[in-house]
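So you can see what is in the structure, the chains are spelled out below.
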Amino acid sequence: MNYESNKSLQSLNTFGIDIKAESFVEVRSVDELQNVLSKNRKTIFILGGGSNLLLTQKVKGLVIHNSIFGKKVERDFPKSIYVSAGGGENWHQFVLWCIKKGWGGIENLSLIPGRVGASPIQNIGAYGVELKDVFHKLEAVELATGDIHTFRKKDCQFGYRESIFKKKLKDKYCIIKVYFKLSKNPKLNLNYGSIKQSLEAKKIKNPTIKDVSQVVIEIRSTKLPDPIELGNSGSFFKNPEISKRQFKLVQKSYPHIVFYHLENDKIKIPAGWLIEQCGWKGRRVGNTGSHAKQALVLVNYGNATGKEILRLSIKIINSVEKKFGIKLKLEVNVL
Ligand code: EPU
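Since we're looking at a predicted model, the values are computed, not measured.

## Quick look at the domain arrangement of the protein chain
Here is step 1: With domains assigned, the protein chain is organised as domain 1 (4-66), domain 2 (71-183) and domain 3 (231-334).
Here is step 2: Taking only C-alpha atoms into account, the centre of domain 1 sits 29 Å from that of domain 3.
Here is step 3: With 11 residues of domain 1 at the interface, the matching set in domain 3 holds 17 residues.
Here is step 4: Interface area for domain 1 against domain 3, summed over the two sides, is near 1100 Å², with a carbon-plus-sulfur share of 56%.
Here is step 5: For the pair domain 1 and domain 3, the interface holds zero salt bridges.
Here is step 6: The interface formed by domain 1 and domain 3 includes six residue pairs in polar contact (both at pLDDT 80 or more).
Here is step 7: Counted by class, the side of domain 1 that touches domain 3 contains six nonpolar, five polar and no charged residues.

Here it is as structure tokens:
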């Protein structure tokens, strides 16, 4: 293992922010991880794909880059299959591997940047599917002790872009392996408006999981900037959930407001709509700005600093709150 001091994390975060880590090491196995933990006395930060991260200052302590790979069939049944993937596996490559084998359930989650180990932390979701829908269990190493613990679905306390690993257990574990239950006879989830329309436009009547994945890739590519070309971390904010009472008040003033009813009796408003209404969509401020095709994605036009992007996000939060009385919350992890 190679410890590096003052390592630039620019190529390891999708915003492309040039921030250094005091100390850095890449681990390729559970043994290596446990070895590093047993000798370390510094504050630890686990870095996966860096796709949901805004770096605003030099990272003190030790950054451990999780590169624990491996994909495996755990149990094979006539209708379903249990597969596992190492925390360092690239999420999209894992999705493509499952699709190639004919195992369905995660096709709607195609092209999400990042690594498998981060997927449960954020309970990643897109086009009507969330990670929790296919999640079986995970294994994680406790940073303080090096012990391996297993977390079942109920232990993870999944919510909308939430889990116990963003709350009580934040920065306490490194996820080394995630187990998924996939289907050999998948029930496709086409309810998200643009998926159906795109399939119809292609005249696909009986779509396969591969067709759905392809359509999701196309939709994402038209709306979301490729981090290789334009630094970003996907949605910067969460879509706010408000009470029906508050919603009625807002709707009175803004009858064209876009909204979705939730099962918990609340109303979800797309943050992108709120931000666009405040005039931020496509607006550039210095080296950063809100993306022209999807307002809730903040981008780095080149040399933006994390602080600059954070300052813009605060301006956006304030103007949305002033206009609508709704306080946006960050989806990204700010360090
Ligand atoms: N909208 C606007 N202006 C915009 C963007 C959106 O008015 O600039 C409105 C439109 O009415 C649109 C609606 O918002 O129909 C929904 O937009 P979209 O389908 O793009 O989805 P989203 O709610 O903005 C969420 C996720 C995305 C995920 C998509 C598709 C969050 C915070 N974001 O975005 O996830 O890909 O749905 O399922 O929940 C991510 O987490 O990084 C991410 C990209």
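## Examining a nonpolar patch on the surface
Here is step 1: Taken together, the side chains of Tyr192, Val258 and Tyr260 define a hydrophobic patch exposed on the protein surface, amounting to about 260 Å² of accessible area.
Here is step 2: Relative to the elements of secondary structure, Tyr260 occurs in strand β15 (residues 260-261).

## Notes on the pattern of salt bridges
Here is step 1: The full count for this structure, using the stated rule, is 14 salt bridges.
Here is step 2: One salt bridge in this structure joins Lys132 and Glu130, with 3.5 Å as the shortest N-O distance.
Here is step 3: Take Glu130: its relative accessible area is 17%, and that puts it in the buried class.
Here is step 4: Between Lys132 and Asp133 there is a salt bridge, with its nearest N and O atoms 3.4 Å apart.
Here is step 5: A relative accessible area of 28% means that Lys132 is categorised as partly exposed.

Procedures and definitions
- Residues numbered from 1 in each chain as written.
- Predicted model: local features only at pLDDT ≥ 70, side-chain atom pairs only at ≥ 80, totals over all residues.
- Heavy atoms only, no water.
- Domains from an automatic or database assignment.
- Contact = heavy atoms within 4.5 Å.
- Buried area = accessible area lost by both parts, 1.4 Å probe.
- Salt bridge = Lys/Arg side-chain N within 4 Å of Asp/Glu carboxyl O.
- Polar contact = N/O pair within 3.5 Å; in protein donor to acceptor, adjacent residues only side chain to side chain.
- Nonpolar A, V, L, I, M, F, W, Y, C, P; charged D, E, K, R; others polar.
- Patch = residues over 30% accessible without salt bridge, like charges linked within 9 Å, V, L, I, M, F, W, Y side chains within 5 Å.
- Areas by Shrake-Rupley, 256 points an atom, 1.4 Å probe, with all protein chains shown as cover.
- Helix = DSSP H or I, 4+ residues; strand = E, 2+ residues; numbered from the N terminus.
- Buried < 20%, exposed > 50% of the residue type's maximum accessible area, 1.4 Å probe, protein only.

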